[in-house]
Amino acid sequence: MKFFVDSADVAAISDLNALGMVDGVTTNPSLILKSGRDILEVTKEICAIVAGPVSAEVVALESAAMIAEGRRLAEIAPNIAVKLPLTWDGLKACKVLTGEGFTVNVTLCFSVNQAILAAKAGASFISPFVGRLDDINLDGMELISDIRTVYDNYDMKTQILAASIRSVNHVAEAARIGADVITAPPEVIRKLAEHPMTDRGLQQFLKDWEKTGQKIL
Ligand code: E4P
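The structure contained in this document is the topic of the report that follows. Per chain, the residues get numbers from 1 upward, laid out in the order the sequence is written. Given that this is a predicted model, residues contribute local features only at a pLDDT of at least 70 and side-chain atom pairs are listed and counted only at 80 or more, while totals for whole chains, interfaces and linings are drawn from all residues. Calculation of side-chain values draws on the structure's entire complement of heavy atoms; hydrogens and water are dropped beforehand.

Another aspect to go through is helix α3 (residues 39-49). Along α3, the residues that are buried comprise V42, T43, I46 and C47. What you see down the axis of α3 is that its buried residues fit within an arc of 140°, all on one side. More than 90 degrees from the buried face of α3, the exposed residues found are E41, K44 and A48. The contact criterion used throughout is that any non-hydrogen atoms of two residues lie within 4.5 Å. Strands here are runs of E lasting at least two residues and helices are runs of H or I lasting at least four, both read from the DSSP assignment and numbered beginning at the N terminus. Elements that come into contact with the buried residues of α3 comprise α1 (10-18), β2 (24-26), α2 (29-35), β3 (54-57) and β4 (80-85). Accessible area is worked out with a 1.4 Å probe on protein chains only. A residue is then buried under 20% of its type maximum, exposed over 50%, and partly exposed in between. Note that the arc is defined by the directions from the helix axis to the C-beta atoms.

The following block contains the structure:
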């Protein structure tokens, strides 16, 4: 399973990347706002740190303008994935941009039918939003599972990028279902290492070690 960091925070991405935990990055207009940075500048910095795909999202609503923005974003670096919303205009832009050889991440997916359309339009990634479905009392993970089944039924090659991941349980469940990628905020990725039994076990070992009076170095 690949880990993408859902952030435009260069320092946080850099820290996780140094640990070998970053296979890519996803950004969106809200994350750019949070970073307080210029989209072209911050995305360029991220692309220089991370070898894998870095999603940068268009904001136009009409396909011709989306295509123009997508081409501009793709000029930032060779590892840009152009992020397009799941609308008919977005799908049209997806078809054109993937035809030109660009990596495309189709975002804001909330149904299996939308995921089928994205795959047919040639999307490299489909981003179903797990947390936002949970927010409205629907089951976000069920959508990941349904897309996995349908894509496997028809050998659709689009990678499932489980997005809007809010908890460590979301990560484990997405892995169990077979999502190709998860994108999660840095704090969720850091929490994956935590377990109270690990802390308790370590405390006990250190207590006993002190009693031995020994030193390793
Ligand atoms: C990533 O591609 C998405 O934009 C992001 O995961 C959305 O997450 P949120 O629902 O927590 O804002």
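What follows picks up the thread again.
Two cysteine sulfurs form a disulfide in these notes if their separation is within 2.5 Å. The full count for this structure, using the stated rule, is 0 disulfides. Its sulfur unpaired, C109 is 12 Å from the next cysteine sulfur, which belongs to C94. Residue C109 is classed as buried on the basis of its relative accessible area of 0%.

The subject of this paragraph is the site of the ligand. Nearness is defined per residue: one heavy atom within 4 Å of the molecule or strand is enough. The environment of the ligand is made up of D6, T26, N28, K83, F129, R132, A163, S164, R166 and T183. Here a polar contact is taken to be a pair of N or O atoms separated by no more than 3.5 Å, where protein atoms must pair a possible hydrogen donor with a possible acceptor and residues adjacent in sequence count only if both atoms sit in side chains. Here an oxygen atom of the ligand sits 2.8 Å away from a polar atom, N or O, in the side chain of N28. Separating an oxygen atom of the ligand from a side-chain N or O atom of R132 is a distance of 2.6 Å. To measure how exposed things are, a 1.4 Å probe is used in the Shrake-Rupley method; for residues, cover is taken only from the protein chains shown. In isolation the ligand has 340 Å² of accessible area, and contact with the protein removes 85% of it. Applying the majority rule of atoms within 2 Å of the grid points places the ligand in the largest pocket. Gly counts as polar in this scheme, as do all residues outside two lists: the nonpolar Ala, Val, Leu, Ile, Met, Phe, Trp, Tyr, Cys and Pro, and the charged Asp, Glu, Lys and Arg. Split by residue class, the shell around the ligand holds 2 nonpolar, 4 polar and 4 charged. Cavity means a closed set of points on a 1 Å grid over the protein atoms alone, one where a 1.4 Å probe fits but cannot get out, pocket means an open set with protein on both sides within 12 Å along at least 5 of 7 lines, and lining means a residue has an atom within 4 Å of a point. To decide whether a molecule occupies a pocket or cavity, check its atoms: if more than half lie within 2 Å of the grid points, it is inside.

The next thing to look at is the nonpolar core. Core analysis: the largest hydrophobic core is formed by 62 residues, its most contacted members being I46, L84, I126 and I165. The element best represented in this core is helix α8 (residues 140-153), accounting for 6 residues. Among all residues touching L84, those that are not within four sequence positions of it are V58, M66, G90, A93, C94, L97, V104, N105, V106 and T107. The nonpolar core is taken to be a set of buried Ala, Val, Leu, Ile, Met, Phe, Trp, Tyr and Cys residues, with the residues joined through side-chain atoms within 4.5 Å.

Our focus in this paragraph is the environment of V181. In this structure, V181 sits in strand β8 (residues 181-184). The spatial distance from the C-alpha of V181 to the C-alpha of F125 is 9.0 Å, given a sequence separation of 56 residues. With residues up to four places along the chain from it excluded, the contact list for V181 reads K2, F4, F125, Q159, I160, L161 and A162.

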